[in-house]
Amino acid sequence: MNDTTASTPPAKKPAGRRKFELDERLKAYKGVWVFIEHERGAAHPVSWELLGEGRKLADKLGVELGAVVPGAPGEDTQKFCAEAFQYGADLCYLIEDPALAEYRNQSYTRALTDLVNKYQPEILLLGATTLGRDLAGSVATTLQTGLTADCTELNIDMENRSLAATRPTFGGSLLCTIVTLNYRPQMATVRPRVMAMPARDETRTGRIVEHPLALVETDIVTKVLEFIPDERRDQANLPFADIIVAGGRGMKRPENFQLIWDLAKVLGAEVGATRPVVQAGWVGADRQVGQSGKTVRPKLYIAVGISGAVQHRVGMEGSDVVIAINQDPNAPIFDFATYGIVGNAMQIVPALTEAFRQHLATAKLAS
Amino acid sequence: MHIVVCIKQVPDSAQIRVHPVTNTIMRQGVPAIVNPYDLVALEEALRLKDRYQAHVTVLTMGPPQAETALRKALSFGADEAILLTDRAFAGADTLATSYALASAIRQIQKDMPVDLVFAGKQTIDGDTAQVGPGIAVRLGLQMLTYVCKIEALDLEQREITVQRRAEGGVQVLKTRLPALITVLEGINEMRFATMPDMFRAARHPLKVWDKDAAGIEDATRIGLKGSPTVVSKVFAPTPRTQKAEIVQTQSDQPRDQAATLLAKLFTKFPQLRAEIGRRAS
Ligand SMILES: Cc1cc2nc3c(=O)[nH]c(=O)nc-3n(C[C@H](O)[C@H](O)[C@H](O)COP(=O)(O)OP(=O)(O)OC[C@H]3O[C@@H](n4cnc5c(N)ncnc54)[C@H](O)[C@@H]3O)c2cc1C
Ligand SMILES: Nc1ncnc2c1ncn2[C@@H]1O[C@H](COP(=O)(O)O)[C@@H](O)[C@H]1O
């Protein structure tokens, strides 16, 4: 995101449109890479989502798709490589070193920048998780290249083979497409659930390129004293929930939010919320959906007492079906929901809970 | 102890509207505020000041009007304020911004060594969360992002222990000073400015630095010129053309509305019927 506020912006040049010649030294950069993020034995699904997207980019460019798998010896790195192939990677760069046992910026930045300098990819994608954003920022600065955060769309500008990365700006009111011209690799992060999960092909395999690192633990200043896992494992699940019941300020009082929980319980759903509800402390911050919260892609999203502000919408418009309940027939949420009920949530939600309960009871009897 | 807090003045994006025809941002009348996440960082720094008598310097790069943001920070209790402003900084992306800020921090160090640099989690206009890490790399500071708690600070050993938000849990990290910390939202509540501080803030002389005063060594690395990324297109999101089908019933009874909705939903999306049945059983 270019900052035009530092002073009066200079005359706008349509720089992205300009045909330009890549520096000779940068032409050697070839291939699309995805960083495979894993912690505590599990790969983050965003890595597979990115492989799906990376596959399309690599095919457009006619280059290989590489997966970068870092980890400590004895970790499940081989398994992650196998999975990466199944999700579309042609080859895996495996970096094993004891110093990579737990994520630390310094060791991971070293590993990734080393690898980039050696094998020179033209595009490098990472998940916009706390780990991915931490790492991408320091890697891009170390490599002195451009990084576009939180992209919602990735494409190739065929005219000059550059990555065109689209992301929301000004809180989601606008989108902008960003290109990285004479710098390589072109880096981007994408949030979990923004891209669709690709189909998995169990028969696919690829080749593994091992890259030794030889980090010395004593050179790494930061130590991990402890990892405290979240108690409620459901916390991290919101982005991957199939059904979400979300409440907004229209629920009026914290006690009324129980109606949302009741409906969610009957549906086996997760509970989401808008920012004002989170700020008022009715639910935890991990339940916020939207621009500054989570991006979700459920099969069903029930939005109750939510106006549908753009900052909320960007986090949930990937939902397959949206049901909106709102008193105001002109609420923006009705502009993009699938079904709407205009009315008072305090009455409609209990009625809906009951209707689903009955439906499930009869369905059970019938089976 | 000396702490530098990087703050940015941003348009209050809650109030930004997009012109329906020209697709441009309508900035008129949109107030400029201090990036809310930066106030969380400032408060965290001021708490360290209260405990350890730290000296707190606030730093911003922006247009001359960004002075307001610095005065606000002074009114909360910051000791010193520096404004980087120069036409040459304009159009900077995060790489060029972190270059300029890092170079200014080096200048600040010449007067008084810096132990900690604070940045916000991200800005609400750029939203990238990249400038903090960029500064850390350039200055060779230990980098602690998404910090949700400062557990311990040992000035004699020059060590700091923090909790950092990670995926699925919290990492407890211990590192050496100097370090750069980006602060997670919601971990503290901003204090109120006191009357004497407000008066002091209004009169306090700011340091205004152009690119030379900021010690910029390589002018090709700041502003638009120093920015690898270029915005090639700005456009409005295509509205989902679909309008909601509003459930209409004769009675307006919630019960009937709910029943009608379920009937419609399960007819059009039979897979949802299966999904709900599977999950609820
Ligand atoms: C930088 C930035 C980031 C942001 N990030 C997010 C984000 O991540 N997520 C997010 O959600 N917001 C975010 N916001 C805030 C966003 O702009 C909106 O303010 C917010 O989404 C509105 O929440 P709401 O719909 O709950 O409240 P409101 O906009 O107040 O809407 C309440 C709705 O409830 C309806 N209602 C009232 N009473 C009833 C009733 N009895 N029955 C039925 N309906 C009723 C009203 O008609 C209204 O439509 C962000 C804002 C900014 C500036
Ligand atoms: N122009 C600026 N001046 C001072 N600090 C900034 C500036 N831009 C960004 N920052 C700091 O870097 C953080 C992350 O910004 P961003 O990478 O734009 O999301 C902000 O919260 C600020 O602390």
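None of these values were measured; they are calculated from a predicted model.

Q: Explain empty space enclosed by the protein to me, using residue names and the numbers behind them.
A: Once rolled over the atoms, a probe with the size of a water molecule shows which space is left empty. Counted under the stated rule, the structure contains 4 cavities of 30 Å³ or more. One number sums up the size of the largest cavity: a volume of about 70 Å³. In this structure, the largest cavity is lined by Gly137(A), Ala140(A), Thr141(A), Thr145(A), Gly146(A), Leu147(A), Thr94(B), Leu95(B), Ser98(B), Gln130(B) and Gly134(B). Residue assignment for the lining of the largest cavity shows that the elements contributing at least two residues are helix H4 (130-143) of chain A together with helix H3 (94-111) of chain B. Tallied by class, residues from the lining of the largest cavity come to 3 nonpolar, 8 polar and no charged. In this structure, the second largest cavity spans a volume of roughly 50 Å³. Elements that contribute at least two residues to the lining of the second largest cavity include exactly H4 of chain A together with strand S9 (142-154) of chain B. Residues that form the lining of the second largest cavity fall into these classes: 3 nonpolar, 2 polar and 3 charged.

Q: Quick one: what's the story with the interface of chain A and chain B, residue by residue and with numbers?
A: Taken together, the contact pairs 97 residues of chain A with 96 residues of chain B. Both sides of the chain A and chain B interface together cover about 8,500 Å² of buried area, and 58% of this is carbon and sulfur. Where chain A touches chain B, the interface holds 3 salt bridges. Here chain A is connected to chain B by 26 residue pairs in polar contact (both at pLDDT 80 or more).

Q: Residue-level account of the sheet that holds strand S12 (residues 179-183) of chain B, with values.
A: An order of S13(A)-S11(B)-S10(B)-S9(B)-S12(B)-S8(B)-S1(B)-S6(B)-S7(B)-S13(B) is seen for the 10 strands of this open sheet, with the pairing classed as mixed. Since the sheet does not close on itself, it has two edges, and those belong to strand S13 (223-229) of chain A together with strand S13 (207-209) of chain B, each with one partner. Ignoring which end each strand starts from, the neighbouring axes of this sheet average 30 degrees apart. Taken together, the 5 bridges between strand S6 (residues 55-61) of chain B and strand S7 (residues 80-84) of chain B define a ladder with parallel strand orientation. Across the sheet, the residue bridging to Leu59(B) is Ile82(B), located in S7(B). Across the sheet, helix H1 (residues 36-52) of chain B lies against strand S1 (2-6), S6, strand S8 (116-120), S9 and S12 of chain B, angled at about 150 degrees from S8(B), the strand it touches most.

Q: Provide a residue-level description of helix H1 (residues 45-61) of chain A, including the pertinent values.
A: The first and last C-alpha atoms of H1(A) sit 25 Å apart over 17 residues, in line with the 24 Å expected at 1.5 Å per residue. Along H1(A), 13 of the 17 residues are buried, which leaves the element largely enclosed by surrounding structure.

Q: Give a detailed account of the site of ligand 2, specifying residues and quantitative values.
A: Residues and elements named next belong to chain B. Surveying the vicinity of ligand 2 reveals 19 residues, the closest of which are Cys6, Asp38, Thr123, Thr128 and Ala129. Take Asn35: an N or O atom from its side chain is 3.4 Å from an oxygen atom of ligand 2. Residue Val131 places a main-chain N or O atom 3.0 Å away from an oxygen atom belonging to ligand 2. Starting from 480 Å² of accessible surface for ligand 2 in isolation, the protein chains cover 98%.

Q: I'd like a description of a nonpolar patch on the surface, backed by residues and values.
A: On the surface, a cluster of nonpolar side chains totalling about 330 Å² of accessible area is made up of Met195(B), Met198(B) and Phe199(B). You can see Met198(B) is positioned in helix H5 (residues 195-203).

Q: Residues and numbers for the site of ligand 1, please.
A: Surveying the vicinity of ligand 1 reveals 29 residues, the closest of which are Arg249(A), Thr274(A), Ser292(A), Ser307(A) and Gln311(A). Residues within reach of ligand 1 are spread across chains A and B. At a separation of 3.1 Å, a nitrogen atom of ligand 1 approaches a polar backbone atom of Gln327(A). Relative to its unbound accessible area of 980 Å², ligand 1 is 86% covered by the protein chains. Of all the secondary structure elements, the ones that give two or more residues to the shell around ligand 1 are helix H6 (275-279), helix H7 (310-316) and helix H8 (345-366) of chain A. A per-class count over the shell around ligand 1 returns 8 nonpolar, 17 polar and 4 charged.

What counts, and at which threshold
- Residues numbered from 1 in each chain as written.
- Chains lettered and ligands numbered in written order.
- Predicted model: local features only at pLDDT ≥ 70, side-chain atom pairs only at ≥ 80, totals over all residues.
- Heavy atoms only, no water.
- 1 Å grid on protein atoms, 1.4 Å probe; cavity = no way out; pocket = protein on both sides within 12 Å on 5 of 7 lines; lining within 4 Å.
- Points joined across faces, edges and corners; volume = space filled by probe spheres on them.
- Helix = DSSP H or I, 4+ residues; strand = E, 2+ residues; numbered from the N terminus.
- Nonpolar A, V, L, I, M, F, W, Y, C, P; charged D, E, K, R; others polar.
- Contact = heavy atoms within 4.5 Å.
- Buried area = accessible area lost by both parts, 1.4 Å probe.
- Salt bridge = Lys/Arg side-chain N within 4 Å of Asp/Glu carboxyl O.
- Polar contact = N/O pair within 3.5 Å; in protein donor to acceptor, adjacent residues only side chain to side chain.
- Pairing = 2+ DSSP bridges.
- Axes fitted to C-alpha atoms, helices over the stretch in contact; angles between N-to-C directions.
- Expected span 1.5 Å × (residues − 1).
- Buried < 20%, exposed > 50% of the residue type's maximum accessible area, 1.4 Å probe, protein only.
- Near = heavy atom within 4 Å.
- Areas by Shrake-Rupley, 256 points an atom, 1.4 Å probe, with all protein chains shown as cover.
- Patch = residues over 30% accessible without salt bridge, like charges linked within 9 Å, V, L, I, M, F, W, Y side chains within 5 Å.

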